[in-house]
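Summary of structural features
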Amino acid sequence: MNFLSRLILISSFAATLVLIGCSQSDGEQQGVSLLIEGKASYSAQRNLPVGSQLILRLEDVSALPNSPAILAEKIIHLETQQKPFRFQLRVFRDQLAHDTTYALRVLLISADGDRWTAENLYRINQQHSHVDLGQISLQQAVEQKEDTALFVCGSRTIKTQFSRQYLQLQLNDDVYHLQQVASASGSQYQSKCGQVEFWNKGTQAHLTMAGFEWPTCTRVSEGTLALFPFQAQGNEPGWRLTAHFDQVKLDWNYGQQHLLMPYPLLDLTHSGFVLHSKADSRLLRVNVLNSLCRDSMSGRPYPQHVKVLFGDLHLSGCGGNSQSLLTGDEWIVEDINRQGIIDASRITLQFDKSGRLHGRASCNQYTTTYELTEQIDIGQAITTRKACAPALMNQEQRFLTLLADVIQIDFDEKGALLLSTADGNTLTARR
């Protein structure tokens, strides 16, 4: 059998495909490959800087919640400013599985970081070997802090931003623009073609893409959200890690080696969380355990133990914000320099996130400032002018004098706060 005969035989048994957006394509030709082409334009009036890119991705919609889903990707470097930008993406049919929904994503990233994405989700549903999508309109992604929520759906984290009757939904670096529609319960949003739907009520949400329903989404709590951006560091060799929900940056060997991992997967555990993904063909895993950790060189306490695994690289250290160990409920002082305090007297410490420290000093109320770096620096306190019994006034003066000299914080095995001066004097407080 010659080559032409074999090709005809293969074509007769090949599955047929069609790519649809808001409307069906009219191509009829059969072949061994699927060619997708079109034109993309963006809404901004300004020209794009040199180095901007148009990215085309063919994705397996059913794989999106749990694993890498990109079947084919093409990056087009935009060397001219002629709009609209023409594009073509070819994929061979033997890469495509039967009974699987594929979607085309179009993403424009300028050299200065601005992003535009297609307003519609274009999906593959059978037949046609050549599809012309025509003109594709790209809409700019916005970034705002207000009305932002994070949801964990399966093993993926999605970010939502609300603005009036609209919702911007971000998955990895794909962004979908949805408009609110009528709903009997909760809030429901839908893309222009109805291919992407998001419904939310309270802490639960449901996401549907091209008819495929994702695992139930759960809103990330404020407590977990407050962990990010998350920082960790360690010694021997010196390393530092900064993690956001959409990116993890790791420097090690005292800053000589670097790794940037976009869009990590987030697993919440009963005692912390895990960030993991593949980078440079190796698995990067960041294990975070909510347990008091002391830096091996400075002794500074941190709220989490952190282990970083990247190929053969194993790093250990501490993470989180030391300030979070102080803020929250007030501390009740129970000892001044190992001499106790007067029965029925009350001395308190209340640290806030803005760097203010206040409380009761025995008789009077006081307020001051604090700064936490490698050590803690507490300013001279200002107090009210009330007079009490001499014993209380003497205790108050001892407390305020010692407090102004504190340079170090630590915690004992039962969670008591230990504040120490350079000459070894201490304050002990509990919650």
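Heads up: the structure comes first, above all this text.
Residues numbered from 1 in each chain as written. Predicted model: local features only at pLDDT ≥ 70, side-chain atom pairs only at ≥ 80, totals over all residues. Heavy atoms only, no water.

Focus: the overall build of the protein chain
- The helix and strand tally for the protein chain stands at 3 helices and 36 strands.
- A burial count over the protein chain gives 45% of its 431 residues as buried.
- The long-range share in the protein chain, meaning contacts at least 24 apart out of those at least 6 apart in sequence, stands at 50%.
- Taken as a whole, the protein chain presents about 22,400 Å² of accessible surface, with 48% of it coming from carbon and sulfur. (Helix = DSSP H or I, 4+ residues; strand = E, 2+ residues; numbered from the N terminus. Buried < 20%, exposed > 50% of the residue type's maximum accessible area, 1.4 Å probe, protein only. Contact = heavy atoms within 4.5 Å. Areas by Shrake-Rupley, 256 points an atom, 1.4 Å probe, with all protein chains shown as cover.)

Looking at the nonpolar core
- L54, L58, V106 and L138 are the most contacted members of the largest nonpolar core, which totals 28 residues.
- Listed by contribution, the elements that provide at least two residues to this core are β2 (33–42), β3 (53–60), β4 (70–77), β5 (85–92), β6 (102–109), β7 (115–118) and β9 (130–140).
- Discounting residues that sit within four places of it in the chain, L138 has contacts with A40, S41, Y42, S43, L54, V106, L108, W116, T117 and A118. (Core = buried A, V, L, I, M, F, W, Y, C linked by side-chain atoms within 4.5 Å.)

Comments concerning the side chain of S52
- In this fold, S52 is placed in the loop between β2 and β3.
- A relative accessible area of 1% means that S52 is categorised as buried.
- A polar contact of 2.7 Å, which involves the side chain of S52, links it to the backbone oxygen of P49.
- A polar atom in the side chain of S52 sits 3.1 Å from the backbone nitrogen of A111.
- Sequence-distant contacts of S52, that is, excluding residues within four places in its chain, are made with I76, H77, L78, I109, S110 and A111. (Polar contact = N/O pair within 3.5 Å; in protein donor to acceptor, adjacent residues only side chain to side chain.)

A look at the state of the cysteines
- Tallied over the full model, the rule gives 3 disulfides.
- There is a disulfide in this structure between C153 and C217, and the S-S distance comes to 2.1 Å. Looking down the S-S bond of the C153 and C217 bridge, the torsion is 110°, so its handedness is right-handed. With C153 in strand β10 (residues 148–153) and C217 in strand β18 (residues 217–219), this residue pair connects regions lying 64 residues apart in the sequence.
- The disulfide that involves C293 links it to C318, with 1.9 Å between the sulfurs. Disulfide C293 to C318: torsion about the S-S bond roughly -70°, handedness left-handed. On the criterion of sequence distance, the pair formed by C293 in strand β25 (residues 282–294) and C318 in strand β27 (residues 313–319) is long-range, its members being 25 residues apart.
- According to the relative accessible area criterion, C293 is buried, its value standing at 4%.
- With relative accessibility at 2%, the residue C318 sits in the buried group. (Disulfide = S-S within 2.5 Å.)

Some thoughts on unusual backbone geometry
- The amide bond that connects E236 to the next residue, P237, takes the cis arrangement and shows omega of 0°.
- Take P237: it is sitting in the loop between β19 (230–234) and β20 (239–244).
- Phi angles above zero are rare outside glycine, and A210 is one such case at about 50°.
- When you line up the elements, A210 lands in the loop between β16 (204–209) and β17 (212–213).
- Judged by relative accessible area, A210 falls into the buried class, the value being 5%.
- Positive phi is not limited to glycine here, since N337 has a value of about 50°.
- Turning to its location among the elements, N337 is positioned in the loop between β28 (331–336) and β29 (348–351).

Considering the packing of aromatic side chains
- Applying the stated criterion across every chain yields a total of 8 aromatic pairs.
- When the ring of Y42 is compared with that of W116, the centres are 5.2 Å apart and the planes differ by 55°; the resulting orientation is tilted. With Y42 in strand β2 and W116 in strand β7, this pair connects stretches of sequence that are 74 residues apart. The exposure classification of Y42 matches that of W116, with both residues buried.
- Ring plane angle 65° and centroid distance 5.6 Å describe the contact between Y366 and F399, whose orientation is recorded as edge-to-face. With Y366 in strand β31 (residues 365–372) and F399 in helix α3 (residues 390–404), this residue pair connects regions lying 33 residues apart in the sequence.
- Assessed through its relative accessible area of 3%, Y366 is described here as buried. (Phe/Tyr/Trp six-rings, centres within 6.5 Å; stacked < 30°, edge-to-face > 60°.)

A short note on α3
- In a regular helix each residue adds 1.5 Å, so 15 residues correspond to 21 Å; α3 covers 21 Å between its end C-alpha atoms and thus fits that length.
- Buried within α3 are the following residues: Q395, E396, F399, L400, L402 and L403. Taken end-on, α3 shows its buried residues confined to a sector of 165°, consistent with a single buried face. The exposed residues of α3 that point more than 90 degrees off its buried face are P390, N394 and Q397. (Expected span 1.5 Å × (residues − 1). Arc of directions from axis to C-beta.)

A look at the environment of K353
- Among the structural elements, K353 can be located in the loop between β29 and β30 (356–360).
- Separated by 26 residues in the primary sequence, K353 and T327 have C-alpha atoms spaced 6.5 Å apart.

Things to note about the pattern of salt bridges
- Under the counting rule described, the total for this entry stands at 5 salt bridges.
- As a salt-bridge pair, E330 and R346 come within 2.6 Å of each other at their nearest N and O atoms. Residue E330 is found in the loop between β27 and β28, and its partner R346 is found in the loop between β28 and β29; the two are separated by 16 residues along the sequence.
- Look at R346 and you get partly exposed, because its relative accessible area is 36%.
- Here the salt bridges share partners, and the residues they tie into one network are E334, D412 and R430. (Salt bridge = Lys/Arg side-chain N within 4 Å of Asp/Glu carboxyl O.)

Some details on the pairing of strand β14 (residues 187–190)
- Here strand β13 (residues 174–181) runs beside β14; their pairing, made up of 3 bridges, is antiparallel. Following the sheet pairing, V181 is matched in β14 by Q188.
- Connecting β13 to the next strand, β14, in antiparallel fashion are 5 residues, including G186 with a positive phi near 70°.
- Sheet topology note: the β14/strand β15 (residues 196–201) ladder contains 4 bridges and is antiparallel. Bridged to Y189 within β15 is F198. (Pairing = 2+ DSSP bridges.)

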